[in-house]
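Breakdown of the fold
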Amino acid sequence: MLTSRLPGRVEPYKLAAHAEHLEGLVALGDMPRLADEAGVQDGDAEVWLDFAIDAQGRREIRGRLTAELQLLCRRCLSPMPQPVESEFLLGMVSSDALAASLPSTHEPVLVEDEQLNLLAMIEDELILSLPQVVYHDEADCTVSRDQLSSGESAESVSDSPAENPFEVLKQLKGKT
């Protein structure tokens, strides 16, 4: 189990030059953009990062993160625990032009003044890993299937045939 905290900022080019490995915890409560997307969170994300230089000379970060977030069920709007995991490969760039030259296997991460905001990078990866929708299992949800139906049910519709929208035209044609 990880117990150490990751620093907020690092010098990624130096870490890549020495093929460093970082692992530790990041507080979910320190991520305001994640809170905007998924609500205020408690607990920590566990993060593993390997900094390296690949065979083409690109500086990269291979990473993995896991966290358990409290996300709202779309049926009952109650929070429910949802594990979130992500594996990523980032290419360090200093400009948008360099980002365009990265291969499709790498996602760009902007390094400004040889500093990388590690917290913002991890927050980005967590946001990208959020599921689109979250539901309790039907048996565990406080809202039943019957409460979710809207409009007329199929059983209440009469057995008479539907009115033909062209019937009026047929009547008009017969009058001429």
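The structure reproduced in this document is the subject of the present report. This is a predicted model, so every value here is computed, not measured.

Things to note about the packing of aromatic side chains
- Enumeration according to the criterion identifies zero aromatic pairs in this entry.
- Positioned over the ring face of Trp48 is Arg64, at 4.0 Å from the centre of the ring.

Considerations on the environment of Leu69
- Locating Leu69 in the fold gives a position in strand E4 (residues 59-72).
- Distance from Leu69 to Val84, taken between C-alpha atoms, is 7.0 Å for residues 15 residues apart in sequence.
- Apart from the residues lying within four places of it in its own chain, the contact partners of Leu69 are Leu28, Leu34, Gln41, Met80, Pro81, Gln82, Val84 and Leu130.

Here's the deal with the environment of Leu15
- Mapping Leu15 onto the fold places it in helix H1 (residues 12-17).
- Residues Leu15 and Ile61, spaced 46 residues apart in sequence, show a C-alpha to C-alpha distance of 9.6 Å.

Comments concerning the side chain of Asp54
- Relative to the elements of secondary structure, Asp54 occurs in the loop between strand E3 (44-53) and E4.
- By relative accessible area, Asp54 is classed as buried at 15%.
- From its side chain, Asp54 meets the backbone nitrogen of Gln56 in a polar contact 3.1 Å long.
- When sequence neighbours within four positions are dropped, the list of residues in contact with Asp54 reads Glu60 and His106.

A look at the side chain of Gln41
- Looking at where Gln41 falls in the secondary structure, it is placed in the loop between helix H2 (32-38) and E3.
- For Gln41, a relative accessible area of 4% puts it in the buried group.
- Polar side-chain contacts of Gln41 include one of 3.0 Å to the backbone oxygen of Ala38.
- Within polar-contact distance, the side chain of Gln41 engages the backbone nitrogen of Gln70 at 2.8 Å.
- Setting aside residues up to four positions removed in sequence, Gln41 forms contacts with Leu28, Gly29, Leu34, Leu69, Gln70 and Leu71.

A short note on the pairing of E4
- Direction of pairing for E3 relative to E4: antiparallel, over a ladder of eight bridges. Following the sheet pairing, Trp48 is matched in E4 by Arg64.
- Where E4 lies against strand E5 (residues 79-93), 13 bridges are found, and the strand directions are antiparallel. In the sheet register, Ala67 faces E5, and the bridge partner there is Val84.
- Count of turn residues in the E4/E5 antiparallel hairpin: six residues, of which Leu77 carries a positive phi of about 60°.

What to know about helix H4 (residues 118-128)
- Taken together, the buried positions of H4 are Leu118, Met121, Ile122, Glu123, Glu125 and Leu126.
- With a side-chain oxygen lying 3.3 Å from the backbone nitrogen of Leu119, the N-terminal cap of H4 falls on Asn117.

Examining the nonpolar core
- One finds Leu49, Phe51, Ile61, Leu118, Met121, Ile122 and Leu126 to be the most contacted residues of the largest nonpolar core, which totals 37 residues.
- Breaking this core down by element, the ones donating at least two residues are H1, strand E2 (21-27), H2, E3, E4, E5 and H4.
- The contact partners of Ile61, leaving out residues within four places of it in the chain, are Leu49, Asp50, Phe51, Phe88, Leu89, Leu90, Met92, Val109, Leu116 and Met121.

Some details on the sheet that holds E4
- Strand order in this open sheet of five strands is E2-E3-E4-E5-E6, and the pairing throughout is mixed. Where the open sheet ends on each side, the last strands, each with one partner, are E2 and strand E6 (107-110). Strand after strand, the sheet turns through a mean of 35° between neighbouring axes, direction not considered.
- Of the strand pairs in this sheet, E5 and E6 are connected by four bridges, and their pairing is parallel. Residue pairing for E6: Leu90 is matched across the bridge by Glu107.

Rules and cut-offs
- The numbering scheme is per chain: residues are counted from 1 as the chain's sequence reads.
- Predicted model: local features are reported for residues with pLDDT of at least 70 only, side-chain atom pairs are reported and counted for 80 or more only, and whole-chain, interface and lining totals are derived from all residues.
- Side-chain metrics in this entry use all non-hydrogen atoms of the structure; hydrogen atoms and water are not considered.
- Stacked, tilted and edge-to-face are the three classes assigned to paired rings of Phe, Tyr and Trp, where Trp is represented by its six-membered ring and a pair needs centres within 6.5 Å; plane angles under 30 degrees give stacked, over 60 edge-to-face, the rest tilted.
- Put simply, a charge is over a ring when the Lys NZ or the Arg CZ is close to the ring centre, within 6 Å, and near the line of the ring normal, within 35 degrees.
- Strands here mean DSSP runs of E at least two residues long; helices mean DSSP runs of H or I at least four residues long; both are numbered from the N terminus.
- Residues count as neighbours in contact if any of their non-hydrogen atoms are within 4.5 Å of one another.
- For every residue, the accessible area obtained with a 1.4 Å probe (protein chains only) is divided by the maximum for its type, and the residue is called buried under 20%, exposed over 50%, and partly exposed between those limits.
- Distance and chemistry together define a polar contact, namely a pair of N or O atoms within 3.5 Å, with one atom able to donate a hydrogen and the other to accept it when in protein, and with adjacent residues in sequence counting only for side-chain atoms on both sides.
- Strand pairing requires that DSSP identify at least two bridges connecting the strands.
- Put simply, a nonpolar core is a bunch of buried Ala, Val, Leu, Ile, Met, Phe, Trp, Tyr and Cys residues held in one set by side-chain atoms that sit within 4.5 Å of each other.
- Axis lines are fitted through C-alpha atoms, for helices just across the contact stretch, and the angle between N-to-C directions can take any value from 0 to 180 degrees.

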